[in-house]
Amino acid sequence: QPELTGDFGLLMSWVDKFRRLKVRTNADTPLDAQVARQFGAEGIGLCRTEHMFFEHDRIMAVREMILSEDVEGRKGALAKILPMQKGDFLGLFREMKGLPVTIRLLDPPLHEFLPHTDKDIDELAAVMQVQPQLLKQKAEFLHEFNPMLGHRGCRLGMTFPEIYDMQVQAIMEAACELVKNEGYEIVPEIMIPLVGHVNELKVLRANAVRVVEEVINRYGIQVEYLIGTMIELPRAALTADEIAGEAEFFSFGTNDLTQTTFGLSRDDAGKFLPFYVNREVLAEDPFVVLDQEGVGQLVKIGCEKGRQARPGIKLGICGEHGGEPNSVIFCHDNGLDYVSCSPYRVPIARLAAAHAALLEK
Ligand code: PEP
Ligand code: MG
């Protein structure tokens, strides 16, 4: 592993003697992953795949997929992105050299992917060879007033299963190629976002397993894999025992869990929270420092119920709190296995993890 040098490196080497928590990173590109590894990240705890789809050809294909008439149309659109998506995962796996990599299946608010202008519609209609008016009507039908409370996360995987199938295929083909041709040892971790009910996970897990097995059989090799979920809705935390029956790991998405527990939009919080903090209604911005009395209690319940149902279930956190020192201490105290944070926060998370272990003594 590339190491930090000088005094900083020395400090970090001391820190690592004490900490129990592993520290992973949130990274979507090989470059982020490389930076994080230089800071000592021990894996990727969250690869958000949304950003991989914003480049023009890809967003066109996703729009085509969403607005297609039938399964064949959806599959055809996604087939155009599959090789690129596989390339994305090859890059990340290579950079991480066998360290754990958790890839989250697509979790966009749908409105980010819908065509926005008449020009978008016309371009798409030409590709799909349909009337622009028809696409416009469909896009209008899919418009939502509260996209963050709507058709996002695993709900998208339920309505358009082909998109998750394509992503799982890309993940597993990338992993199998590296195992078979380059001697890598990789255990891909496939993560399903925004689960609120165990039945969502049952359906999506079964779909994912079907695709994974198909790819593994095609390559004729043995590759282990894990399928897990984000816990980022209060209902998921409260029913974590049921959910653990279908998940080999949990990753607490404390950004959404804070949003949904407070009922406060994370996108607009900056306009309102400073007022509360200044007036001492809240001591701190809960999107920055984990609210231990409320959101933290849901994390705690999620851990306990998860462990009851599946002893040894792997537990992590990948919300922004994973790199905030007080929140890291809370994660240590609740027996999480790892925290995951943005690359530049990895050193502070390592330090906080050691601090937590020392506080315990
Ligand atoms: C979260 O909700 O905490 C999370 C990590 O997911 P995202 O920020 O991508 O919604
Ligand atoms: Mg989230």
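Residues numbered from 1 in each chain as written. Chains lettered and ligands numbered in written order. Predicted model: local features only at pLDDT ≥ 70, side-chain atom pairs only at ≥ 80, totals over all residues.

Enquirer: Lay out the overall build of the protein chain in plain terms, naming residues and giving numbers.
Expert: The helix and strand tally for the protein chain stands at 17 helices and eight strands. A compact globule built from 361 residues would reach a C-alpha radius of gyration of about 21 Å, and the protein chain, at 21 Å, matches this within 12%. Principal axes of the C-alpha set define a box for the protein chain whose edges measure 70 × 55 × 40 Å. Taking all 361 residues of the protein chain together, the buried fraction comes to 48%. (Helix = DSSP H or I, 4+ residues; strand = E, 2+ residues; numbered from the N terminus. Rg over C-alpha atoms; globule rule 2.2 N^0.38 Å. Buried ≥ 20, exposed ≤ 12 C-beta atoms within 10 Å, placed from the backbone.)

Enquirer: An account of the site of ligand 1 is needed here, citing residue identities and associated values.
Expert: The environment of ligand 1 is formed by Leu46, Arg48, Asp107, Glu232, Gly253, Thr254, Asn255, Asp256, Cys318 and Gly319. Put simply, the parts of the chain that give the shell around ligand 1 at least two residues each are strand 2 (44–48) and helix 13 (254–262). For the shell around ligand 1, the element with the highest residue contribution is helix 13, accounting for three residues. (Near = placed C-beta within 6 Å.)

Enquirer: Report on unusual backbone geometry, specifying residues and quantitative values.
Expert: Phi angles above zero are rare outside glycine, and Lys97 is one such case at about 45°. Structurally, Lys97 can be placed in the loop between helix 5 (82–96) and strand 3 (101–104). According to the C-beta neighbour criterion, Lys97 is partly exposed, with 13 such atoms within 10 Å. Even without glycine at this site, Leu194 takes up a positive phi of about 55°. The residue Leu194 is located in the loop between strand 4 (189–192) and helix 10 (198–219) in this model.

Enquirer: So, the environment of Leu336: which residues are in play, and what are the values?
Expert: By secondary structure assignment, the location of Leu336 is in the loop between helix 16 (325–333) and strand 8 (338–341). Overall, Leu336 belongs to the buried group, with 23 C-beta atoms counted inside 10 Å. Look past the residues within four positions of Leu336 in its chain and what remains in contact with it is Leu21, Cys303, Leu315, Gly316, Ile317 and Cys331. (Contact = placed C-beta atoms within 7 Å.)

Enquirer: Which residues make up the environment of Gly316, and what are the values?
Expert: Relative to the helices and strands, Gly316 resides in strand 7 (residues 314–317). For Gly316, a count of 27 C-beta atoms within 10 Å puts it in the buried group. As for Gly316 and Val339, which are separated by 23 residues in sequence, their C-alpha atoms are 5.5 Å apart. Residues contacting Gly316, with those up to four places away along its chain left out, are Arg24, Gly45, Phe249, Ser251, Leu336, Asp337, Tyr338, Val339 and Ser340.

Enquirer: Any details on the pairing of strand 7? Residues and values, ideally.
Expert: Here strand 7 shows two buried faces, one formed by Lys314 and Gly316 and the other by Leu315 and Ile317. By the bridge criterion, four bridges tie strand 6 (residues 249–252) to strand 7 in an arrangement that is parallel. Within strand 7, the residue paired with Phe252 across the bridge is Ile317. Two strands pair when backbone bridges link them, and strand 7 and strand 8 are joined in this way by two bridges, in the parallel orientation. Within strand 8, the residue paired with Gly316 across the bridge is Tyr338. At this point the chain moves from strand 7, through helix 16, to the parallel strand 8, and the crossover so formed is right-handed. (Pairing = 2+ DSSP bridges. Right-handed = clockwise from strand over helix to strand, strands pointing away.)

Enquirer: If you had to explain the pairing of strand 6 to someone new, which residues and values would you point to?
Expert: Neither face of strand 6 is left uncovered, since the one carrying Phe249 and Ser251 and the one carrying Phe250 and Phe252 both have all their residues buried. Two strands pair when backbone bridges link them, and strand 5 (residues 226–231) and strand 6 are joined in this way by three bridges, in the parallel orientation. Following the sheet pairing, Met230 is matched in strand 6 by Ser251.

Enquirer: Hey, could you go over the sheet that holds strand 3 for me, with residue numbers and the actual values?
Expert: Here we have eight strands rolled up into a closed barrel, ordered 1-2-3-4-5-6-7-8, and parallel in their pairing. When strand polarity is set aside, the average angle formed by the axes of neighbouring strands in this sheet is 25°. Pairing geometry for strand 2 and strand 3, over three bridges, is parallel. Within strand 3, the position partnered with Ile44 by the bridge is Val101. Lying over the sheet, helix 15 (residues 295–309) contacts strand 5, strand 6 and strand 7, oriented at roughly 180° with respect to strand 6. (Axes fitted to C-alpha atoms, helices over the stretch in contact; angles between N-to-C directions.)

Enquirer: Can you explain the UniProt feature "binding site: substrate" (unreviewed entry) in the protein chain? Please cite residues and give values.
Expert: Cross-referencing UniProt, the feature "binding site: substrate" (unreviewed entry) maps to Arg48, Arg104, Glu232, Gly253, Thr254, Asn255 and Asp256 in the present numbering. Following the sequence through the fold, Arg48 ends up in strand 2. Given 16 C-beta atoms within a 10 Å radius, Arg48 is considered partly exposed. If we skip the residues at most four places from it in the chain, Arg48 touches Asp28 and Arg104. Arg104 sits in the buried class, given 27 other C-beta atoms within 10 Å. Excluding residues within four positions of it along the chain, Arg104 makes contact with Leu46, Cys47, Arg48, Thr49, Met191 and Pro193. (UniProt positions renumbered as here; feature names shortened; annotations may be inferred.)

Enquirer: So what's going on with the nonpolar core? Residues and values would help.
Expert: With 102 residues, the main nonpolar core has Leu21, Phe93, Ile171, Ala175, Ile190, Val328 and Val339 as its most contacted residues. Ranked by residue count, the leading element in this core is helix 9 (residues 161–182), at twelve residues. Contacts of Val339, omitting those with residues within four sequence positions, involve Leu21, Val23, Gly316, Ile317, Gly322, Val328, Cys331 and Ala349. (Core = buried A, V, L, I, M, F, W, Y, C linked by C-beta atoms within 7 Å.)

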